[in-house]
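Chain by chain, the residues:
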Amino acid sequence: QGDFKKALKYYTKSLHYLQSQEDKRGTAQILSNIALIHKSLQETDTAIVLLKQSIALAKEISHNSQAAMSLNNLAGIYTIRGEAELALNLHREALAIRKQLQDQRGIAYVYAGMAEGFRVLQVYDSARYYGLVSDTMAINIGLSELHKDVNEILSQVYAAQGDHEQAYARHVRFKQLS
């Protein structure tokens, strides 16, 4: 774990192979994976370019779940960069696809991303709403990692709203799940 350069080397080899085989579905997925490695290396400009390529390719071949995943990942990068409005628009696009696919797991992740985007914009009521919906879905579906992450977001939201009791309870839950 953490050997991103080595992973990048293998994914790049896979990308070249998939492209030589004209496997657009596999190429869209690998581009997204490579982008996440670049994100982990804090190379967000490269990650953005790769995710945009993944989205375009996935849309071209109607691989909607991949398009939604890459849109959500791209939105996450824009949120980190402080471009939360753009991120929220990408989340909304991903959400429309996830709803069309009736993908509850994907919807839960999009809602978590929206909660974080609204938190960054300091629109705390919306952040709390999407965080609570995502958290409920995560519990019901059994997405423990998402449940943990959303509790961290909600802890920050409640703290910003001055509800220190809820902020503390969510922080404790986050730590318990970590």
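The following refers to the structure shown.

Parameters at a glance
Residues numbered from 1 in each chain as written. Predicted model: local features only at pLDDT ≥ 70, side-chain atom pairs only at ≥ 80, totals over all residues. Heavy atoms only, no water. Helix = DSSP H or I, 4+ residues; strand = E, 2+ residues; numbered from the N terminus. Contact = heavy atoms within 4.5 Å. Areas by Shrake-Rupley, 256 points an atom, 1.4 Å probe, with all protein chains shown as cover. Axes fitted to C-alpha atoms, helices over the stretch in contact; angles between N-to-C directions. Parallel < 35°, antiparallel > 145°, perpendicular 65-115°, else oblique. Left-handed = near helix turned anticlockwise from the far one by under 90°. Nonpolar A, V, L, I, M, F, W, Y, C, P; charged D, E, K, R; others polar. Expected span 1.5 Å × (residues − 1). Buried < 20%, exposed > 50% of the residue type's maximum accessible area, 1.4 Å probe, protein only. Phe/Tyr/Trp six-rings, centres within 6.5 Å; stacked < 30°, edge-to-face > 60°. Lys NZ or Arg CZ within 6 Å of the ring centre and 35° of its normal.

1. A few points about the overall build of the protein chain
Moving on, step 1. A tally of regular secondary structure across the protein chain gives nine helices and zero strands.
Moving on, step 2. Going from N to C terminus, the protein chain has its helices and strands arranged as α-α-α-α-α-α-α-α-α.
Moving on, step 3. In terms of overall dimensions, the protein chain has a C-alpha envelope of 55 × 35 × 30 Å along the principal axes.
Moving on, step 4. Pairs at least 24 apart in sequence give 50% of the contacts found in the protein chain among residues at least 6 apart.
Moving on, step 5. Accessible surface, the protein chain: about 9500 Å² in total, of which carbon and sulfur atoms supply 48%.

2. A few points about the side chain of Asn151
Moving on, step 1. With respect to the helices, strands and loops of the structure, Asn151 is situated in helix α8 (residues 144–160).
Moving on, step 2. Those residues in contact with Asn151, other than ones at most four positions away along the chain, are Asp135, Arg170, Arg173, Phe174 and Leu177.

3. Focus on the packing of helix α3 (residues 44–60) against helix α4 (residues 64–80)
Moving on, step 1. Viewed as axis vectors pointing N to C, α3 and α4 meet at an angle of 160°, and their least axial separation amounts to 9 Å. One finds that α3 runs roughly antiparallel with respect to α4. The handedness of the crossing between α3 and α4 comes out as left-handed. Counting all contacts with α3, which are made through Thr44, Ala47, Ile48, Leu51, Lys52, Ser54, Ile55, Ala58 and Lys59, the residues of α4 involved are Gln66, Ala67, Ser70, Leu71, Asn73, Leu74, Ile77 and Tyr78.
Moving on, step 2. Grouping the constituent residues of the contact of α3 with α4 by class yields 10 nonpolar, five polar and two charged.

4. What about the environment of Asn73?
Moving on, step 1. For Asn73, the position within the fold is in helix α4.
Moving on, step 2. Note: C-alpha distance between Asn73 and Val110 (37 residues apart in sequence) is 9.5 Å.
Moving on, step 3. Those residues in contact with Asn73, other than ones at most four positions away along the chain, are Ser32, Leu36 and Leu51.

5. As for α3
Moving on, step 1. Over its 17 residues, α3 extends 24 Å from the first C-alpha to the last, a length consistent with the 24 Å expected when each residue adds 1.5 Å.
Moving on, step 2. Buried within α3 are the following residues: Thr44, Ala47, Ile48, Leu50, Leu51, Ser54, Ile55, Leu57 and Ala58.

6. Digging into unusual backbone geometry
Moving on, step 1. Even without being a glycine, Gln42 presents a positive backbone phi close to 60°.
Moving on, step 2. Tracing the backbone shows Gln42 in the loop between α2 (24–40) and α3.
Moving on, step 3. In the Ramachandran plot, Gln102 falls in the positive-phi region, its phi being about 55° despite a non-glycine side chain.
Moving on, step 4. The residue Gln102 is located in the loop between α5 (84–100) and α6 (104–120) in this model.

7. Points about the packing of aromatic side chains
Moving on, step 1. Evaluated as defined, the whole model comprises three aromatic pairs.
Moving on, step 2. Considering the side-chain rings of Tyr111 and Tyr130, the 5.4 Å spacing of their centres and the 40° angle between planes classify their relative orientation as tilted. In this pair, Tyr111 sits in helix α6 while Tyr130 sits in helix α7 (residues 124–141), placing the two residues 19 residues apart along the sequence. Both residues of the pair, Tyr111 and Tyr130, count as buried.
Moving on, step 3. Consider the rings of Phe118 and Tyr130, whose centres lie 5.7 Å apart with planes at 10°: the pair is stacked. Placement of Phe118 in helix α6 and of Tyr130 in helix α7 is noted, with a sequence separation of 12 residues between them.
Moving on, step 4. Overall, the relative accessible area of 10% leaves Phe118 in the buried class.
Moving on, step 5. With relative accessibility at 18%, the residue Tyr130 sits in the buried group.
Moving on, step 6. Over the ring of Tyr10 we find Lys9; its NZ or CZ atom is 6.0 Å from the centre of that ring.

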